[in-house]
Amino acid sequence: MFLINCPFCGEREQSEFKAGGEAHIVRPKQPTELSDDEWAEYLFMRKNIKGIQFERWNHVHGCRKWFNMVRDTSNDQIKAVYKMGEKPPVK
Amino acid sequence: MKNKYSIFSLIKNAFSYHENWEKAWKDPEPKKEYDAIIVGGGGHGLATAYYLAKKHNMKNIAVVEKGWIGGGNTGRNTTIIRSNYLWDASAGLYDHALKIWEGLSQELNYNVMFSQRGVMNLAHNLQDVRDLKRRTHANRLNGIDAVYLNTEEVKKFCPIINTSQDIRYPVLGGTLQRRAGTARHDAVAWGYARGADEMGVDIIQNCEVKGIKRNGDAVEGIETTKGFIKTKKIGVVAAGHSSVIANMAGLKLPLESKPLQALVSEPVKPIIDTVVMSNAVHAYVSQSDKGELVIGAGTDDYVSYSQKGSHDIVEGTLNAILELYPIFSRMRMLRQWGGIVDICPDASPIISKTSIKGLYFNCGWGTGGFKATPGSGDLFAHTIANDEPHKLNAAFNINRFVSGDLVDEHGAAAVAH
């Protein structure tokens, strides 16, 4: 349980949000030209990092907007929150 | 040869106030080289080592564990054992394990307290009823015992369930697998450790893997906190940390690691003599031999390695428990904890070779790995020893995420993942 600073609504309880998995996975530009390996990589393979991870979240029980988050998955500390389309603020 | 545990050894040791029991396993320093190394000293890893030594005659092997054996998910799960899975591949895998459970205490000479008290899965809506009936038929075609119960039969089998049709999610029926049940989770790890140790397996605790050394497309050994250990075969059984180990070898796995919570109540007199699971409201409960209610909650939806979970997950589970069992309304909960489970997109495990020679993974068990411990160890040992999967785990290869031939148990198994 932790607090999330929604870039649109401010600080709310994590239970108001839905996690959307790893961020910055780019949808293939030419899906018809992808090999099976490339599809598997896009659809299923995840970094699943222990440490600093970039991920997507949705404020489902609030503004219902998607945004990005940088979080340390080893202790659930949130490092930064930024809007969709913005560059990650920390490395 | 270790001393056999028996009523006579118990009496004999009573005379010396139980102070002279032989150590169940040694605490060796790692050798320079092994024929195979198992990474992860939980139930699955220790079982793998045990069957490698016993069935495949590989005695020069080691299990390395970063903490203490059985201290991870083996000691954190809710100990439920069943094999009533929908798909043929899963049914084969889990029933293989269940059959080994049935003789495990005798085989290991270690009481794993396997108790076939039955597992009942409840239906709360029409779709549940249809799904559970379908699964019952599928189970019986696969030779797995399963019966469908109507509401009255559910009430008769477990009288404390609230079967009033006026509650929010009324009980419309359920399935029962009588061969299913529970076992003592720690004992499984200890029993396999003792058995493996007796055959010469080195069980090395407090030894964390820091890197995997590769020579081209083959493995050469592991870097650990106790130094470099050479080996040609590495079997990784690291549960929630599988991706961490995979990253060391430059591999990516289709896994997400999430906290799964469980909790136990204060101990009370026997009140529930079976295991009841409910998929729709996500609550399951059984009673330990100590008298505690053992309650399984759900997973959080975000990746985390923190071994903590969100409070609202526990709250949701307890709401469901209270509606189904009003008798527990004044029970107090003693402990709550989380374990990190590695979940595959199809909620089925991976027991497989990889693209790197000599590197094998047994992972992705998600929320339900404990029940498979003996079968998982047996099949993973076969895969490592022969460099080929056994026919029972052939479907659980890592390549299924490329071919698309998934074992899609998501929601089709007896409980939500």
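In this text the structure is predicted, and so the values were computed from the model without any measurement.

1. Here's the deal with the confidence of the model for chain B
Across chain B, pLDDT averages 95, with 98% of residues at or above 70. Two summary scores accompany this predicted model of the complex, namely pTM at 0.96 and ipTM at 0.95.

2. Remarks on the sheet that holds strand 12 (residues 227–231) of chain B
Read across the open sheet, the 4 strands follow the order 1-12-11-10 (chain B); overall the sheet is mixed. A strand with exactly one partner marks an edge of an open sheet, and here the two such strands are strand 1 (33–34) and strand 10 (209–215) of chain B.

3. Remarks on the side chain of S9(B)
Residue and element names in this part refer to chain B. Mapping S9 onto the fold places it in helix 1 (residues 7–14). A polar side-chain atom of S9 sits 2.9 Å from the main-chain amide nitrogen of S6. In this structure, S9 is in contact with K4 and W21, ignoring residues within four places of it in sequence.

4. Some thoughts on the interface of chain A and chain B
The figure often quoted for interface size is the accessible area lost as the parts come together. Taken together, the contact between chain A and chain B spans 27 residues of the former and 26 residues of the latter. Taken together, both faces of the contact between chain A and chain B bury some 2100 Å²; the carbon and sulfur share is 52%. Applying the counting rule to chain A against chain B returns 2 salt bridges. Between K252(B) and E41(A) there is a salt bridge, with the nearest N and O atoms lying 2.8 Å from each other. In this assembly, chain A and chain B are joined by 14 residue pairs in polar contact (both at pLDDT 80 or more). Breaking the side of chain A that touches chain B down by element, the ones donating at least two residues are strand 3 (18–22), helix 1 (36–43) and strand 4 (52–58) of chain A. Class assignment of the residues belonging to the side of chain A that touches chain B gives a composition of 9 nonpolar, 8 polar and 10 charged.

5. Some remarks on the side chain of K258(B)
Summarising the element assignment, K258(B) is placed in strand 14 (residues 256–265). Apart from residues lying up to four places away in sequence, K258(B) is in contact with D300(B), D301(B), Y302(B), V303(B), S304(B), G339(B), I340(B), V341(B) and I343(B).

6. Digging into the packing of aromatic side chains
For the structure on display, the rule yields 16 aromatic pairs over all chains. Aromatic pair F2(A) and W57(A): ring centres 6.2 Å apart, planes at 75 degrees, arrangement edge-to-face. Placement of F2(A) in the segment before strand 1 (3–6) and of W57(A) in strand 4 is noted, with a sequence separation of 55 residues between them. For F2(A), a relative accessible area of 11% puts it in the buried group. Each ring, one from Y5(B) and one from W21(B), has its centre 5.7 Å from the other, and the planes form 80 degrees; the classification is edge-to-face. Residue Y5(B) is found in the segment before helix 1, and its partner W21(B) is found in the loop between helix 1 and strand 1; the two are separated by 16 residues along the sequence. Given a relative accessible area of 31%, W21(B) falls into the partly exposed group. An aromatic cluster of three or more residues is present, and its members are F2(A), W57(A) and Y302(B). The residue whose ring lies beneath K65(A) is F8(A), and the NZ or CZ to ring-centre distance is 4.7 Å. Here K213(B) stacks its cationic end above the ring of F228(B), 5.3 Å away from the centre of that ring.

7. Points about the nonpolar core
Residues and elements named next belong to chain B. Of all hydrophobic cores here, the largest spans 48 residues; its most connected members are L46, Y51, W101, L104, V112 and Y192. Counting only elements with at least two residues in this core, the list comes to strand 2 (36–39), helix 2 (43–55), strand 3 (61–64), helix 3 (88–108), helix 6 (185–198) and helix 9 (373–386). Counting residues in hydrophobic clusters, the runner-up holds 31 residues, among them V64, C207, V219 and I245.

8. Describing helix 4 (residues 126–141) of chain B
Residue and element names in this part refer to chain B. The end-to-end C-alpha distance of helix 4 is 23 Å, a good match for the 22 Å that 16 residues give at a rise of 1.5 Å each. Here helix 4 has its buried residues at D128, V129, L132, R135, T136, A138 and N139. N-capping of helix 4 is provided by N125, with a side-chain oxygen placed 3.2 Å from the backbone N of Q127. Looking one or two places after helix 4, you find G143, whose phi comes out positive at around 75 degrees.

9. Structural notes on helix 3 of chain B
Side chains three or four residues apart in an α-helix point the same way, a direct result of the helix having 3.6 residues per turn. Residues and elements named next belong to chain B. Between its first and last C-alpha, helix 3 extends 29 Å over 21 residues, near the 30 Å set by a 1.5 Å rise per residue. The largest bend in helix 3 comes to about 45 degrees, at E102. Just past helix 3, the residue N109 takes up positive phi, approximately 50 degrees.

10. Notes on the environment of L318(B)
Residues and elements named next belong to chain B. With respect to the helices and strands, L318 occurs in helix 8 (residues 311–324). With a relative accessible area of 23%, L318 lands in the partly exposed category. With 10 residues separating them in the primary sequence, L318 and F328 have C-alpha atoms 9.8 Å apart. The residues touching L318, leaving out its near neighbours within four places in the chain, are L263, I295 and M333.

Parameters at a glance
- Residues numbered from 1 in each chain as written.
- Chains lettered and ligands numbered in written order.
- Predicted model: local features only at pLDDT ≥ 70, side-chain atom pairs only at ≥ 80, totals over all residues.
- Heavy atoms only, no water.
- pLDDT = per-residue confidence, 0-100.
- Pairing = 2+ DSSP bridges.
- Helix = DSSP H or I, 4+ residues; strand = E, 2+ residues; numbered from the N terminus.
- Polar contact = N/O pair within 3.5 Å; in protein donor to acceptor, adjacent residues only side chain to side chain.
- Contact = heavy atoms within 4.5 Å.
- Buried area = accessible area lost by both parts, 1.4 Å probe.
- Salt bridge = Lys/Arg side-chain N within 4 Å of Asp/Glu carboxyl O.
- Nonpolar A, V, L, I, M, F, W, Y, C, P; charged D, E, K, R; others polar.
- Phe/Tyr/Trp six-rings, centres within 6.5 Å; stacked < 30°, edge-to-face > 60°.
- Buried < 20%, exposed > 50% of the residue type's maximum accessible area, 1.4 Å probe, protein only.
- Lys NZ or Arg CZ within 6 Å of the ring centre and 35° of its normal.
- Core = buried A, V, L, I, M, F, W, Y, C linked by side-chain atoms within 4.5 Å.
- Expected span 1.5 Å × (residues − 1).
- Bend = angle between axes of the 7 residues up to and from the residue.

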